[in-house]
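# Architecture at a glance
Okay, here's what each chain looks like letter by letter:
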Amino acid sequence: MRRRRRRLVQLVLFCPLSGALQSRLPGIKVKYLFLAWLGIFVGSWVVYMHYSSYSELCRGHICRMIICDQYNKGIISGSACKDLCEDHTLVFQQCLSSSPTHQVYSGLWKEKEVIIKCGVSEALKIDSSPDAAPRREMVLFDKPTRGTSMDEFRDMLFNFLKSTLGDQPSLAAFVTKIITVADVSQDGKLSLAEAKSIWALLQRNDFLLTLSLHEKEHTSKLLGHCGDLYLTEKITHTSFYNTDIPLFLQPLLPSAIQRVIHQWFSPAWPRRAKIAIGLLEFVEEIFHGTYGNFYICETGFRNMGYNKKYDFKIVDLRKVATEMKIRQFLKGRHCEQNVDCTYGKDCVAPCDKLMKLCKSDVVQPNLAKVCGLLQEFLLHGVPPDLREELEKQLKTCTTLSGLASQMEVHHSLVLNSLKTLLWKKISNTKYS
């Protein structure tokens, strides 16, 4: 029995090599053959895991099925519902999801390229639970209830926005804007299905920020919605670099090698300067904007892109948070050190080590974090006559703090100085 097992192992390990071939390669030892086989096995396993995880990440068919089910029942409404569920002119294409609960797809809508976003957290249980779809209806589309008047719904919206964005003077105008977006029939009033759909969408942080920053040129334009599914324009480049290192390779490559690869495939320096100016303008827009102050809580190249004209575009607004939301998170939070007061990935507040509670001010503002990115993005290939001054200004920028005493005049001076320096270099060229 043992001899048979040993023979089986030998066949598995050395089946690719015939006896004649092995005799011609006396220098190859068994351990090297084993390592080669192991490499093939591990590679095959990685490929298998990649494709098996696809079914977990990409559940657009579930999203579409549930949305259309709710639409056909008259529970939800939206400007894209008829195209998705009846005319089939809204088509899901490539899966771009990074989380099973946040479905993102590229798609075609009336022959125009779009990005489709849909939350399916409750729908994930549909395979194992036959009542998953009704439960989603009850949980997600439960407000407002039948009999709610327009004035009552306006109050609901106002109070929700106040708790999310803070007590801003522009909230009443924002409520009117939301109702206009929800009014698919354009009759000046909302049906229950229209109200349920917009209310469900507003519970999604990314949609709320998309709507609040809708008039800004550095965010994707909102094109339509159906229930809690919505469409935005497609961003041509979803990273600052022309190529992305696959996620499974990133832990294996040293950061220095990754940086070199990025530099090889980065746009020409004048184009990078134009993208950087757009990023600085975005930071300016979300700092004390129309609907309050916003923080970028995951600052990285994968969250920032640009269009065909090299205008900056923010890719994922889930990584941006309102000041009110961060303050609510930090309020009364126990801590031992600053890292315990972290919202998202890098929105860090100081820890009061005497009281063991988080303070409310974020240590590093948006501008300082963005300048840290620009050091890597801009200093490579920078014109020699600009290098010294650009290095100096970026270094000053990265040392900015989030203290209220510095947030107004000092930040504006640093930001405008950087924009001016870059713009002067490219303003009279074809790249402007």
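Cut-offs used in this document
- Residues numbered from 1 in each chain as written.
- Predicted model: local features only at pLDDT ≥ 70, side-chain atom pairs only at ≥ 80, totals over all residues.
- Heavy atoms only, no water.
- Phe/Tyr/Trp six-rings, centres within 6.5 Å; stacked < 30°, edge-to-face > 60°.
- Helix = DSSP H or I, 4+ residues; strand = E, 2+ residues; numbered from the N terminus.
- Buried < 20%, exposed > 50% of the residue type's maximum accessible area, 1.4 Å probe, protein only.
- Salt bridge = Lys/Arg side-chain N within 4 Å of Asp/Glu carboxyl O.
- Expected span 1.5 Å × (residues − 1).
- Contact = heavy atoms within 4.5 Å.
- Disulfide = S-S within 2.5 Å.
- Pairing = 2+ DSSP bridges.
- Axes fitted to C-alpha atoms, helices over the stretch in contact; angles between N-to-C directions.
- Core = buried A, V, L, I, M, F, W, Y, C linked by side-chain atoms within 4.5 Å.
- Polar contact = N/O pair within 3.5 Å; in protein donor to acceptor, adjacent residues only side chain to side chain.
- pLDDT = per-residue confidence, 0-100.
- Parallel < 35°, antiparallel > 145°, perpendicular 65-115°, else oblique.
- Left-handed = near helix turned anticlockwise from the far one by under 90°.
- Nonpolar A, V, L, I, M, F, W, Y, C, P; charged D, E, K, R; others polar.

Scanning all chains against the criterion turns up twelve aromatic pairs. The interplanar angle of 70° and the centroid separation of 5.2 Å between the aromatic rings of F92 and Y105 together place this pair among those described as edge-to-face. Pair noted here: F92 is in strand β1 (residues 90-95) and Y105 is in strand β2 (residues 102-109), with a separation of 13 residues, a long-range link. Of the two residues, F92 and Y105, neither departs from the other in class, the shared state being buried. Taking the centre distance of 5.3 Å and the plane angle of 15° together, the rings of Y306 and Y310 count as stacked.

Following the criterion strictly, the structure yields 16 salt bridges and no others. A salt bridge links E113 to K234; the shortest N-O distance between them is 3.7 Å. Pair noted here: E113 is in strand β3 (residues 112-119) and K234 is in the loop between β5 (229-233) and α11 (255-264), with a separation of 121 residues, a long-range link. Ionic contacts of the salt-bridge type, sharing partners, join the residues E323, R327 and D361 into one network.

A turn of α-helix holds 3.6 residues, and therefore any two residues three or four places apart point the same way. With 16 residues, helix α7 (residues 150-165) should cover 22 Å at 1.5 Å per step; its first-to-last C-alpha distance of 22 Å lies within 8% of that length. In this fold, the buried residues of α7 make contact with α8 (171-182), α9 (192-202), α10 (205-212), β6 (294-296), β9 (320-322) and α13 (323-330). Looking one or two places after α7, you find G166, whose phi comes out positive at around 95°.

Evaluated as defined, the whole model comprises eight disulfides. Shown here is the disulfide that connects C63 with C118, its sulfur atoms set 1.9 Å apart. Disulfide C63-C118: torsion about the S-S bond near 110°, hence right-handed. Placement of the pair is C63 in helix α4 (residues 60-72) and C118 in strand β3, with a sequence separation of 55 residues. Relative accessible area serves as the criterion here: at 1%, C118 is assigned to the buried category. Across the disulfide from C68 sits C85; the S-S distance is 2.1 Å. Taking the sign of the S-S torsion, -90° for the link of C68 and C85, the bridge is left-handed. On the criterion of sequence distance, the pair formed by C68 in helix α4 and C85 in helix α5 (residues 81-85) is long-range, its members being 17 residues apart. Here C85 falls in the buried class, since its relative accessible area comes to 12%.

What follows concerns α10. Burial analysis of α10 places eight of its eight residues in the buried class, the great majority of the element. Considered for burial, the residues of α10 that qualify are N205, D206, F207, L208, L209, T210, L211 and S212.

The strand order across the open sheet built from five strands is β1-β2-β3-β5-β4, with neighbouring strands paired in antiparallel fashion. This sheet does not close on itself; its edge strands, each paired only once, are β1 and β4 (222-226). On average, each strand axis in the sheet is inclined to that of its neighbour by 30°, with strand direction left out of account. As defined by bridge partners, β1 adjoins β2 across four bridges and the pair is classed as antiparallel. Directly across from F92, in β2, lies its bridge partner G107. Where α10 meets the sheet, its contacts fall on β2, β3, β4 and β5, and the angle it forms with β5 comes to roughly 45°.

Another point: the nonpolar core. In summary, soluble globular proteins display a tendency toward joint burial of nonpolar side chains. In terms of nonpolar packing, the biggest core is built from 68 residues, with L161, F240, W269, L367, L374, L390 and L422 touching the most fellow members. Considering every element that reaches this core, the biggest residue donor is helix α12 (residues 269-286), with ten residues. Not counting chain neighbours up to four residues away, the residues in contact with L374 comprise A276, L279, L280, L379 and L394.

Assignment of secondary structure puts S197 in helix α9. Among the polar contacts listed, one links the side chain of S197 to the backbone oxygen of A193, at a separation of 2.9 Å. The contacts of S197, once residues within four sequence positions are left out, are I76, S77, H225 and G227.

Before going further, it helps to examine the confidence of the model for the protein. Detailed reading of predicted coordinates is not advised where the pLDDT is low. Of all residues in the protein, 78% attain a pLDDT of 70 or more, and the chain-wide mean is 82. For the protein, helix α6 (residues 132-140) is the element with the lowest average pLDDT, namely 46, and strand β13 (residues 357-358) is the one with the highest, namely 96. Contacts of residues 8-18 to residues separated by more than four positions or lying in other chains number nine contacts, the stretch itself having pLDDT below 50. Confidence drops under a pLDDT of 50 for residues 48-53, and excluding neighbours within four residues, the segment shows zero contacts in the predicted structure.

One can describe the packing of α12 onto helix α16 (residues 409-426) by two numbers: an axis separation of 10 Å at closest approach and a directional angle of 155°. Judged by the inter-axis angle, α12 sits roughly antiparallel to α16. Of the two possible hands of crossing, α12 and α16 adopt the one that is left-handed. Contacts from W269, P270, A273, K274, A276, I277, L280, E281, V283 and E284 of α12 reach α16 at L415, N416, L418, K419, L422, W423, K425 and I426. Its residues assigned to classes, the contact of α12 with α16 shows twelve nonpolar, one polar and five charged.

Attention shifts here to the environment of P169. In this structure, P169 sits in the loop between α7 and α8. Note on P169: relative accessible area 82%, which makes it exposed. The sequence separation of P169 and T290 amounts to 121 residues, and the corresponding C-alpha distance is 8.7 Å.

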